[in-house]
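# Analysis of the macromolecular model
Each chain, written out:
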Amino acid sequence: MIVINKKIEGKTYTELIKYACLKNNIVMLAFYKKNTKKLEDTLLPFQKYILKQTDKSSNGLIYRPGMFIVFYRLNDDLQKYLLSNQSLYKWDFPDYPTDISFFKDGICWLNSITHEEICDIYVESEEEFNYLKSIGIVFLEKNYRKIADEENIIEII
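Since this is a predicted model, take the numbers as computed values, not measurements.

### Concerning the overall build of the protein
Broken down by element type, the protein carries four helices and seven strands. Element order for the protein, N to C, with α for helix and β for strand: β-α-β-α-β-β-α-β-β-β-α. For the protein, with 157 residues in total, the buried portion stands at 45%. Expressed as a percentage of contacts within the protein between residues at least 6 apart in sequence, the contacts between residues at least 24 apart total 67%. By element, 52% of the accessible surface of the protein is carried by carbon and sulfur atoms, the whole surface being about 8,500 Å².

### Examining the pattern of salt bridges
Oppositely charged side chains are able to pair whenever their charged atoms sit close together. Scanning the model with the defined rule gives two salt bridges in all. Glutamate 124 is paired through a salt bridge with lysine 23; the nearest N and O atoms lie 2.8 Å apart. Of this pair, glutamate 124 sits in the loop between strand S7 (118-121) and helix H4 (126-134) while lysine 23 sits in helix H1 (residues 10-23), and the two are 101 residues apart along the sequence. Overall, glutamate 124 belongs to the exposed group, its relative accessible area being 51%. The shortest N-O distance in the salt bridge between lysine 23 and glutamate 128 comes to 3.0 Å. Here glutamate 128 lies in helix H4 and lysine 23 lies in helix H1, a separation of 105 residues in the sequence. Residue class for glutamate 128 comes out buried when judged on its relative accessible area of 4%. Salt bridges sharing partners connect three or more residues here, namely Lys23, Glu124 and Glu128.

### Some points on the nonpolar core
In this structure, Tyr72, Leu82, Phe102 and Ile121 are the most contacted members of the largest nonpolar core, which totals 38 residues. With five residues, H1 is the single largest residue contributor to this core. The contact partners of leucine 82, leaving out residues within four places of it in the chain, are Tyr13, Ile17, Cys21, Val27, Leu74, Trp91, Ile100 and Phe102. By size, the runner-up hydrophobic cluster in this structure holds ten residues, among which are Met28, Ala30, Cys108 and Ile147.

### Overview of the packing of H1 against helix H3 (residues 76-83)
Two quantities define a packed helix pair, namely the angle between the helix axes and the distance between the axes. Direction vectors running N to C along H1 and H3 enclose 155 degrees, while the axes themselves pass 10 Å from each other. Relative to H3, the element H1 is oriented roughly antiparallel. Classified by chirality, the crossing of H3 by H1 is right-handed. The segment H1 lies against H3, with Tyr13, Thr14, Ile17, Lys18 and Cys21 engaging Gln79, Leu82 and Leu83. Among the residues making up the contact of H1 with H3, the classes are represented as five nonpolar, two polar and one charged.

### Considerations on the environment of glutamate 40
As for its position among the elements, glutamate 40 is in helix H2 (residues 37-43). Put simply, glutamate 40 and proline 97 are 57 residues apart on the chain and 9.7 Å apart in space, counted from C-alpha to C-alpha.

### Regarding unusual backbone geometry
In most cases, non-glycine residues show a negative phi, while peptide bonds are predominantly trans. Going from phenylalanine 93 to proline 94, the amide bond is cis rather than trans, its omega being 10 degrees. Mapping proline 94 onto the fold places it in the loop between H3 and strand S5 (98-104). With phi around 75 degrees, glutamine 86 is a residue other than glycine that occupies positive phi space. Structurally, glutamine 86 can be placed in the loop between H3 and S5. The partly exposed category is assigned to glutamine 86, whose relative accessible area is 34%. For aspartate 105, which is not glycine, the phi dihedral falls at a positive 50 degrees. One can find aspartate 105 in the loop between S5 and strand S6 (107-113).

Criteria and thresholds
Residues numbered from 1 in each chain as written. Predicted model: local features only at pLDDT ≥ 70, side-chain atom pairs only at ≥ 80, totals over all residues. Heavy atoms only, no water. Helix = DSSP H or I, 4+ residues; strand = E, 2+ residues; numbered from the N terminus. Buried < 20%, exposed > 50% of the residue type's maximum accessible area, 1.4 Å probe, protein only. Contact = heavy atoms within 4.5 Å. Areas by Shrake-Rupley, 256 points an atom, 1.4 Å probe, with all protein chains shown as cover. Salt bridge = Lys/Arg side-chain N within 4 Å of Asp/Glu carboxyl O. Core = buried A, V, L, I, M, F, W, Y, C linked by side-chain atoms within 4.5 Å. Axes fitted to C-alpha atoms, helices over the stretch in contact; angles between N-to-C directions. Parallel < 35°, antiparallel > 145°, perpendicular 65-115°, else oblique. Left-handed = near helix turned anticlockwise from the far one by under 90°. Nonpolar A, V, L, I, M, F, W, Y, C, P; charged D, E, K, R; others polar.

By themselves these figures say nothing about function.
Written out as structure tokens, the structure is:
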């Protein structure tokens, strides 16, 4: 379901990230191949949690020219780093990696294109839909609808 918030920050951001970390087991971050030294130093403690690093999706498509993506296993230390940002759409260079996304067992739950302020959340139930609305997430669709299988983003990790 398409999220239409143009500002997912503060308490809404914090609650969203906490929920995403509880619900999912993988976070994906994208990096530009140039000028990553500062970010590499910041993320060095998390290298042991890397599951996969690639410049192509599992179906062989290039993610974006000049970029690579890293999939990390979620844990408490990484969650603290994710909460340090305080805004979904500030996941962008030079201070942070870009396009934060969350996966559960290879199926995408939250996908973002942060520089365009685009976010999709693949809501699994009406209860989840209502919870996300209660923390401040605004969806394009006014009511919950079941996500069709072909809408899911699947990544082999």
